[in-house]
Amino acid sequence: MARFLFIFGVKYNQLLRNMKKTVHKLVLVSSLLTLSFYSSQSSVNTLSKEQIEAKKKAAAEEKAKLPKPYHPEANAALDIKKAINQAKKEHKNVMIQAGGNWCIWCLRFNDYVQKTPELKKIVDDNYVYYHLNWSPENKNEKIFATYGNPGDQFGYPVFIVLDENGNQIHTQDSGVLEDGTGYSLEKVKDFFTAWMPKK
């Protein structure tokens, strides 16, 4: 029995030493991986700062060239009422594109639709289109509250679709319509087609 306990004790001690070595190796490998990760992150962050600055400059240049469809000085409540009246006469829906001239993605979307004949035709045939301004000069808070403040949830642009009676029938996040630094023709077309008035 003593011999068994001695052998068991030796084996147990060897097992403990092996476990300690394994744990030390794991700690060492983990430390090296962590160090490697943070080291690579710092070089990525340095590159990202440069890339961010380059993208900001390119976006500012692009923004300067794009049409500015938003009007902070407009009476949005009155304009939307007029759009609903027109939609009712023409049996169309109202497409409200909420955003501002400060928003590169808002300007890109407007430009994309205007320059893509297939999309422009769908819009012209089925919607009265309105650009609802949200900017520091005019946040149109009452109007946005009426539609559930979708910009708070989705950012800008965000789309609010009304039927010809002015009832809100859909709110669309524009992020799902994006493709790279622009918009997907198929996704935008599907969105416009899905919310056309039923004729």
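Refer to the structure printed above.
Small disclaimer: the values here were computed from a predicted structure and weren't measured. (Residues numbered from 1 in each chain as written. Predicted model: local features only at pLDDT ≥ 70, side-chain atom pairs only at ≥ 80, totals over all residues. Heavy atoms only, no water.)

(A) Representation of the overall build of the protein chain. When helices and strands are counted, the protein chain shows seven helices and six strands. Each helix and strand of the protein chain, ordered N terminal to C terminal, gives the series α-α-β-α-α-β-α-α-β-β-β-β-α. (Helix = DSSP H or I, 4+ residues; strand = E, 2+ residues; numbered from the N terminus.)

(B) Region of the structure containing the state of the cysteines. Enumeration according to the criterion identifies one disulfide in this entry. Residue pairing for C103: its cysteine sulfur links by disulfide to C106, the two sulfurs lying 2.4 Å apart. Handedness of the C103-C106 disulfide follows from its S-S torsion of about 80 degrees: it is right-handed. Considered together, C103 and C106 belong to a single accessibility category, that of buried residues. (Disulfide = S-S within 2.5 Å. Buried < 20%, exposed > 50% of the residue type's maximum accessible area, 1.4 Å probe, protein only.)

(C) Spotlight on helix α2 (residues 76-90). Spanning 15 residues, α2 covers 21 Å between terminal C-alpha atoms, matching the ideal 21 Å at 1.5 Å per step. For α2, the complete set of buried residues consists of A76, I80, A83, I84 and A87. Angularly, the buried residues of α2 cover 100 degrees about the axis, an arc narrow enough to put them on a single face. Turned more than 90 degrees from where α2 packs its buried face, K81 and K89 sit exposed. Buried positions along α2 lie against β1 (93-99), β2 (127-133), α5 (141-146) and β3 (158-162). Two residues or fewer after α2 comes H91, characterised by a positive phi angle close to 55 degrees. (Expected span 1.5 Å × (residues − 1). Arc of directions from axis to C-beta. Contact = heavy atoms within 4.5 Å.)

(D) View of the packing of aromatic side chains. Inspection of the entire model under this criterion finds 11 aromatic pairs. With 6.0 Å between their ring centres and 85 degrees between their planes, W102 and Y156 make a pair best called edge-to-face. Here the residue W102 occupies a position in the loop between β1 and α3 (104-115), and Y156 occupies one in the loop between α6 (150-154) and β3, the gap between them amounting to 54 residues. Clustering of aromatic rings is evident, with ring pairs tying together W105, F109, Y127, F159, Y183, F191 and F192. If you follow R108 out to its NZ or CZ, it ends over the ring of W105, 4.8 Å from the centre. (Phe/Tyr/Trp six-rings, centres within 6.5 Å; stacked < 30°, edge-to-face > 60°. Lys NZ or Arg CZ within 6 Å of the ring centre and 35° of its normal.)

(E) Looking closely at the sheet that holds β1. Pairing is mixed across the open sheet formed by four strands, whose spatial order is β2-β1-β3-β4. The open sheet terminates on both sides in strands that have one partner only, identified here as β2 and β4 (168-173). Taken over all neighbouring pairs, the strand axes of this sheet differ in orientation by 20 degrees on average, direction set aside. Packing against the sheet, α2 makes contact with β1, β2 and β3, and its axis sits at approximately 170 degrees to β2. Contacting β1 and β2, helix α4 (residues 117-126) crosses the sheet at an angle of about 100 degrees to β2. (Pairing = 2+ DSSP bridges. Axes fitted to C-alpha atoms, helices over the stretch in contact; angles between N-to-C directions.)

(F) Structural detail: the side chain of S135. With respect to the helices and strands, the residue S135 is situated in the loop between β2 and α5. Looking at S135, the relative accessible area reads 2%, which means it is buried. There is a polar contact of 2.9 Å between the side chain of S135 and the side chain of N133. (Polar contact = N/O pair within 3.5 Å; in protein donor to acceptor, adjacent residues only side chain to side chain.)

(G) The arrangement of the packing of α3 against helix α7 (residues 185-194) in detail. For the pair α3 and α7, interaxial distance at closest approach is 12 Å and the crossing angle is 85 degrees. Between α3 and α7, the interaxial angle falls into the category roughly perpendicular. Judged by residue contacts, F109, Y112 and V113 of α3 engage L185, V188 and F192 from α7. Taken together, the residues that form the contact of α3 with α7 break down as six nonpolar, no polar and no charged. (Parallel < 35°, antiparallel > 145°, perpendicular 65-115°, else oblique. Nonpolar A, V, L, I, M, F, W, Y, C, P; charged D, E, K, R; others polar.)

(H) Here's a closer look at α7. Looking at α7, one finds that the buried residues are V188, F191 and F192. All buried residues of α7 project into a common sector of 95 degrees when viewed along the axis, lining one side.

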